[in-house]
Amino acid sequence: MLAVLTVFALAAMVLPALARVIGTRVFWVAALVSLGAFAHTLLQAPAVLSAEAVRLPFERFTYIAQLQFTLDVRMDTLSWVLALIITGIGSLVLFYCGAYFRDDERGLGRFAAVLLAFAGAMYGLVVADDVYLLFVFWEATSVFSYLLIGHYTHRKASRGAALQALITTTLGGLVMLVGLVLLAVQANSSSLSVILATTPATTLTTVSVYLVLVGALSKSAIVPLHFWLPGAMAAPTPVSAYLHAAAMVKAGIYLLARLAPAFVEVPGWREVLVALGLATMLLGGWVALKQTDLKLLLAYGTVSQLGFLTVVAGFGTRETALGALALLLAHALFKSTLFLVVGIIDHEAGTRDLRKLSGLGRRSPVLAVVAVLVLASMAGLPPLFGFVAKETVLHGLLAAASGANSAVVGDNGQLWGVIATVGVVVGSTLTVAYSIRFFWGAFARKAGVDDVTALATVSRRFLFAPTVLAVTSLALGPLASFVNTGLAGYPALFPSDGGKPYELALWHGLEPELGLSLITIVVGAALFVLREQFARLQARMSTGVNASNAYWDTVGAVDRLAVRVTSLTQRGSLSFYLGVILVVFVGVMTAGLVVGDSWPAELRAWDQPAQLAIGAVMIGAAVAATQAQKRFAALVTVGVTGFGMSALFALHGAPDLAITQILVEIVTLIAFVLVLRRLPAKLGDRHGSTHKLLRAVIAVGVGVVMALVAIIAAGSRIAEPISLAWPELAFVQGHGRNIVNVALVDLRGWDTLGELAVVIAAATGVASLLFLRGRGDTPARLGRSVIKSRIASRLERVRDLGAEGERRNAWILAGPTLDPRHRSILLEVVVRLTFHAVIVISLFLLFAGHNLPGGGFVGGLVAGLALVGRYLAGGRYELGVALPVGAGAVLGAGLIIAAGTAVVPLFFGAPPLTSTYFEAEVWLLGEIEFVTSTIFDIGVYLIVVGLVLDVLRSLGAEVDRQGGDDQAPPALAARAKAQREAAG
Amino acid sequence: MTVSLVLVIVMAALIASGVYLLLERSLTRVVLGFLLIGNGVNLLILIMAGRPGIAPIVADGVAPDEYTDPLPQALILTAIVITFAVSAFLLALIYRSWRLANADDVSDDVDDVALRKGAISMPVEEPTFDDGGTDFPVEPEEKVIATPSTGEGSQ
C-alpha cells in the first residue's frame, strides 16, 4: 500500500512534463496508474475478506524512530471497499478526461497531475491507520480539490468557489485535528485502530468525537456547511464526477463509518447525525427540484444523498451499516456516471441548461440508455444495485423503528428509527422526482424548444467510462449476494441483535420495505407529473435564507474587521511600535520582578571611589546627549560615555576591554564625523522632538527596570562561575596567559567565528549602501609610479618656478590630489613618520596578545587607525595607495583564515578549533613559541582591518566622490597647466 | 553575589538616555541612542562579572577567583566590535536616506497611514452567481462556465 502511494506521488510529478509531449494522452497514463492501484487493491481481497484481524494487510514505515513517528497503513473491509471505489472510478474518470479535454487546454499537465495526486491522497486517506497521517491526507485532498475547482483560473466564479470550498473544509479539518489530538493523547497512541479499540467513554471522548464530526460533516457537505459543494460545480465536470460524487465528499462518510462502531454510544451521536442527515437530505432534494442547470441538479442531489448516507452510516446497527456501505458503493457508481453524462452533453451541446436541451434522447440513444440505467439505480428501481442498497437501508431503519432490535439501539433508538424511516422515505420520494426531472431535462423533447442538433456522433472513447459504470450498476443488482461477501466484514464490527445476519439480495420477498419503495416511486413520479404546481409551491415557500450568502457576509465581515484592527494597531510609525514594545517590556518585567523574590542581601555603593566620579561624568554626558540640538555636540557627549566606559573597564581589571573601547570610540567618532559632515549641523530640523514627556517616562521606566534586573539577576546567582576553570584551561590547554584572548580564539572560538560573520555582514552592508554600482573593490588609486613621476615633475616645476607652497607635496604620496586648502602639513608629517611604526605596533599587539593585553581585535583596530590617519591626511587616493587591495579581499582572507583554523584540526581527527603548540630554538631570536590559535587571531585581525577599511572607503572615500568636493587628478592637472601657462 | 550600585545607576542612565533618543524621529539621534544603549548593555555585562579583581593575565600564585571574571570580558569585547560594525551600517543608512530623500528621519509607512485614513479598501472576491431566490442561483455561473472556446464549452 505504501508502494502504491509512492507510485501515485511519483507519477503525479512526472505528468506535467509528459503532458507537454503527448497532450491529452497523458490522462491514459494517469488512468493506468490508477488502474494498477485498483488491481493491487483487488489482489488484497483474500486477506481482507478472511475477516481475521491479524491477517489484514498492514504496513509500517518508520521515519523518525526516536520519536516513534511512523506511517501506518491498514486495509480492512471498509478501507478496501473505499479504495476500490477510489481507484476504480478514478481510472475511468481519468480515461474520460482524455476525451473531455483538448490538447490546447490551459494548464492541462497541472490538471492531470493534481487529479492523479488527488486519487493518491484519497487512497492514502482511506488506508491510513494513524490519525495524523489520516489528517495529512485529509488536508491534502482539500488542497487538491481547491486546485481542481479553481482549474479555470481566469474565471472569478471559479476562484471564489475554490476558495470557499477550501476555507470551509479546512476550517472543519482544523476542528477535527483538535479532536484527533485529544483522542490520540487520551489513548496514548496515534494509531487509529488502537484509539477505536481502547478509548473509554468519558466526557473528553464525547467532546473530541464531536470535534472530529465537525470535520467529517464539513467535508461531506452536511447542513449547515453544505453550501460549498454546489459552488464547487465551477470545477470541470470530470472533477465533479470524481471529487464531488465518488471520492472526496465520501471522506466524511468514511470517517463516520470508521468511528461509528466505537462511538455510536457517545451521547447524542445517533440523534445529531440522523437530524443533520435528514435535514440535508430533504433540503438537497427540495432544492435539486428547482435547478435548471443539470450539473447543479446533480450537485444538490449529491448533497441530498450525502445527508442520506450520514443518516444511515451514523445510525449504527448491523443492518444500517451494511446498508450504508452498499449505498455508498451504489451512489459512487450512479452519481459519477451522471456527472460524466452531463459532461458529454455539455461538451457536445454547449449547454447544461435543461430549458435549452431538447430531443437529445433520439440523437444519442446509447447515452440515454446509460443515463436511464443509473437514474433507475438512483431512484431505487429493481433490478439495479441502488434498489438493493435502499432496500437494505429501509430494512435496517424499520428494524429499529419497529423495536425489533431495541436491545442494540436502546430506548431512543426506536423513536429515531421512526424519524429516520419517515425522513428517508420522504427524501427518497424527492430523489425519484429529481431523477425523472434529470432524464426529462436532458433527453426529452420539449415543446417550444428547438431540438439540439449536436450529439450525433459521440466517440466510443468518450462513452466508455459512463457505460462501464452503468453496466456495473446494473450487474451488481443480481450479483447482490456476491457483493455481500465483500461488504460483510464491516457490519460485523457492530454488536449483533442475535438474529440471522441480514444479507444483500435482489429479492427478499414481500417485505414492508418493498412497499415503502413502491410509495416513493409512485409519489416521486406524481411530483414530476405535477411539476408546474410543485414549482409554484416551492416559489411560495422560498424563504430567502441562503447559506452561501451567510458565508460571504461572514467573509466580508472578517475582512472589514481585519482592516479596522490593522488600522488601529499598525499606525505606520516605528517610534509608536517601539514604544509599545518597550511598554510591554516594562510591564512584563515589572510583573515578573514583583512576583519573584530574590533581592540580594547586600548592595555595595561602589567598588572604588573613582567609579563615582566617572559615573557622574557619564550620566551627565548621556543626559546632555538627549538634549543636544547640534549633531556634533550630541556625538561628542555620546563619545564621552564611551571613554567613561573605557575608564570603568580599566578600573575593573579589564585591560583588553579598556584598550578596545578606546580604539573603537576613536574609530566610531571618525566614522560619524565622515557622515555627519554631509548633514545639516542642527538636529531634527524637519521633525522636532515630540512627545517628550511620554518618551521620558518610557525611557526612565526601561532604565529602572534594567537596574532592577541587574541587581536581582546578580543576586540570584548561586552557582560558581564557569570561568573559574579558565585560568588553568587557558594556560595548560591554550598555552596563553591572557585568559580573555585565549577565550576568544580558543575556548570560545565558535562564538568569535559567529561574531566575525556578523562583522563581515555589517561591513558588506555598509559598502552595498554606498557603492551603487559594484562593490568598489578596485579602489580609487593612482599607480605608485604614476604618482612618483608626477611628484618628480612637480618638484622640478617647483624648482623652476620657485613656487614656495608646492614644496610640501613630498610628505605623503597622494597629498597633491587634495585641494591645498584642505591640506595640513602637520598631519601629513605626523602620518608620514608614524604610519609604519603604528603598523608594527599593531602586529606586536596581535602576536603578544596571547600572553599580554592585546590580540587580533586590538591589533586590527590599531592598524585600522593607521589607515584612518592616511586617509585623513591624504584623502581617498592616499587610502588606495596605503592598502592597495579591496576591503572585500581583506575581509574574505580573514574569514578564510579563521574558518580554516576551525576546519584544519578535523583532518587530524581532532575537534574543530583545537589548538596545537610548537616550540623551537631559532637562531638569533632564541626560543620561539607558537600556538596555532594565533592563526585564528590573524584572521580576526584581518577582518577588523577590513571592517575599518570598508568604513573608510564607503563613508569616507565614496562619500567624498559623491560629494564631489575633493580634487580629482584631472582637475589637478588642469590647475597645474593653468599655473604653467600663467607663469609662461 | 553583590553589585556596585554606582555601576547599576550609570547603566540605567545610559539605557534610559538611549531609549529616549531611540524613540526620536531623527535617524542621527536614533543611532546615538543605539550607541548609548550599547554602552549601557556592555556595562550590564560588566556588572555581572562581580567584584573587580586582578587583570586576567595568568600569573603564578594567583587563585582563579582573584582574577576579574574573564567570561563577561570576552562577551563585551566582541560586543564592542559588533556595536561599531552595526553603527557603521546605521551611518550608511543615514547617508543613503539623506542622499535619496534629503532627510534623516524615520517617516511613517505610507500604506499604513492610507489604510488608517480609509483610503485603501479591501475588496472581497465573491463569486458572481447570485441572483437571489435559490440557495445557489444558476444563471450567471452557467453563463460563465458554458463559454465556448474552453474545454467545457461547445466545439
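One can find the structure itself at the top, above this paragraph.
This write-up is about the structure you can find in this document. (Residues numbered from 1 in each chain as written. Chains lettered and ligands numbered in written order. Predicted model: local features only at pLDDT ≥ 70, side-chain atom pairs only at ≥ 80, totals over all residues.)

### Considerations on the overall build of chain A
Part 1 of the reasoning: Helix and strand counts for chain A stand at 38 helices and 4 strands.
Part 2 of the reasoning: Taken over 984 residues, chain A has a buried fraction of 50%. (Helix = DSSP H or I, 4+ residues; strand = E, 2+ residues; numbered from the N terminus. Buried ≥ 20, exposed ≤ 12 C-beta atoms within 10 Å, placed from the backbone.)

### Let's talk about the overall build of chain B
Part 1 of the reasoning: Counting its regular elements, chain B contains 5 helices and 0 strands.
Part 2 of the reasoning: For chain B, the α and β elements follow one another from N to C terminus as α-α-α-α-α.
Part 3 of the reasoning: For chain B, the proportion of its 155 residues judged to be buried stands at 56%.

### A short note on the pairing of strand 3 (residues 917–922) of chain A
Part 1 of the reasoning: Counting buried positions over the 6 residues of strand 3 of chain A gives 0, only a small fraction of the element.
Part 2 of the reasoning: Hairpin connection of strand 3 of chain A to strand 4 (residues 926–931) of chain A: 3 residues between the antiparallel strands, including A:Leu924 at a positive phi of 75°. (Pairing = 2+ DSSP bridges.)

### Quick word on helix 29 (residues 692–715) of chain A
Part 1 of the reasoning: Taking 1.5 Å per residue as the helical rise, helix 29 of chain A with its 24 residues ought to reach 34 Å, and the 34 Å between its terminal C-alpha atoms agrees with that figure.
Part 2 of the reasoning: Regarding helix 29 of chain A, the residues found buried are A:Arg695, A:Ile698, A:Ala699, A:Val702, A:Gly703, A:Val705, A:Met706, A:Ala707, A:Ala710, A:Ile711 and A:Ala714.
Part 3 of the reasoning: Where helix 29 of chain A is buried, its residues meet helix 25 (574–595) of chain A together with helix 1 (5–22) and helix 2 (27–48) of chain B. (Expected span 1.5 Å × (residues − 1). Contact = placed C-beta atoms within 7 Å.)

### Side note on unusual backbone geometry
All names here are of chain A.
Part 1 of the reasoning: Pro224 follows Val223 through a cis peptide bond whose omega is 5°.
Part 2 of the reasoning: Take Pro224: it is sitting in the loop between helix 9 (203–219) and helix 10 (228–231).
Part 3 of the reasoning: With an omega of 5°, the peptide bond running from Pro382 to Pro383 counts as cis.
Part 4 of the reasoning: By the element assignment, Pro383 lies in the loop between helix 17 (365–379) and helix 18 (385–401).
Part 5 of the reasoning: At Ala221, a residue that is not glycine, the phi angle is positive and equals roughly 55°.
Part 6 of the reasoning: With respect to the helices, strands and loops of the structure, Ala221 is situated in the loop between helix 9 and helix 10.
Part 7 of the reasoning: The phi torsion at His735 lies on the positive side, around 55°, for a residue other than glycine.
Part 8 of the reasoning: Mapped onto the fold, His735 is located in the loop between helix 30 (726–733) and helix 31 (739–747).
Part 9 of the reasoning: Of the residues examined, His735 has 22 C-beta atoms within 10 Å and is grouped as buried.

### Regarding the nonpolar core
Part 1 of the reasoning: By size, the foremost hydrophobic cluster in this structure holds 205 residues, and its most contacted members are A:Ala30, A:Ala112, A:Leu116 and A:Tyr123.
Part 2 of the reasoning: Among the elements that make up this core, the one with the highest residue count is helix 15 (residues 318–349) of chain A (20 residues).
Part 3 of the reasoning: For A:Ala112, the residues in contact, after removing those within four places along its chain, are A:Leu15, A:Ala19, A:Val26, A:Phe27 and A:Ala30.
Part 4 of the reasoning: By size, the runner-up hydrophobic cluster in this structure holds 141 residues, among which are A:Val745, B:Val31, B:Leu77 and B:Val86. (Core = buried A, V, L, I, M, F, W, Y, C linked by C-beta atoms within 7 Å.)

### Re the interface of chain B and chain A
Part 1 of the reasoning: In this complex, chain B contributes 106 residues to the contact, which on the side of chain A involves 146 residues.
Part 2 of the reasoning: Taken together, the elements giving at least two residues each to the side of chain B that touches chain A come down to helix 1, helix 2, helix 3 (70–101), helix 4 (110–116) and helix 5 (139–145) of chain B.
Part 3 of the reasoning: Tallying contributions element by element places helix 3 of chain B first for the side of chain B that touches chain A, with 23 residues.
Part 4 of the reasoning: Considering only residue class, the side of chain B that touches chain A consists of 68 nonpolar, 19 polar and 19 charged. (Nonpolar A, V, L, I, M, F, W, Y, C, P; charged D, E, K, R; others polar.)

### Considerations on the environment of A:Leu729
Residues and elements named next belong to chain A.
Part 1 of the reasoning: Along the chain, the position of Leu729 falls in helix 30.
Part 2 of the reasoning: Sequence spacing of Leu729 and Leu747 is 18 residues, and the spatial spacing of their C-alpha atoms is 8.2 Å.
Part 3 of the reasoning: Setting aside anything within four residues of it in sequence, one finds Leu729 in contact with Gly734 and Leu747.

### What to know about the packing of helix 36 (residues 887–907) of chain A against helix 37 (residues 933–963) of chain A
Residue and element names in this part refer to chain A.
Part 1 of the reasoning: Across the interface, helix 36 lies against helix 37 with an axial gap of 7 Å and an inter-helix angle of 160°. The pairing of helix 36 with helix 37 is recorded here as roughly antiparallel in orientation. When you trace helix 36 past helix 37, the crossing you get is left-handed. Where helix 36 approaches helix 37, its residues Ala887, Val890, Leu891, Ala893, Gly894, Leu895, Ile897, Ala898 and Thr901 are matched on the opposing element by Ile935, Phe936, Ile938, Gly939, Val940, Leu942, Ile943, Val945, Gly946, Leu949, Asp950 and Arg953.
Part 2 of the reasoning: Broken down by class, the residue content of the contact of helix 36 with helix 37 amounts to 15 nonpolar, 4 polar and 2 charged. (Axes fitted to C-alpha atoms, helices over the stretch in contact; angles between N-to-C directions. Parallel < 35°, antiparallel > 145°, perpendicular 65-115°, else oblique. Left-handed = near helix turned anticlockwise from the far one by under 90°.)

### So, the environment of B:Ile47
Part 1 of the reasoning: By the secondary structure assignment, B:Ile47 is in helix 2.
Part 2 of the reasoning: The exposure class of B:Ile47 is buried, given the 22 C-beta atoms found within 10 Å.
Part 3 of the reasoning: A C-alpha to C-alpha distance of 9.5 Å links B:Ile47 and B:Leu5, two positions 42 residues apart in sequence.
Part 4 of the reasoning: Beyond its immediate stretch of four places on either side in the chain, B:Ile47 contacts A:Ala710, A:Ala714, B:Val3, B:Leu7, B:Val8 and B:Met11.

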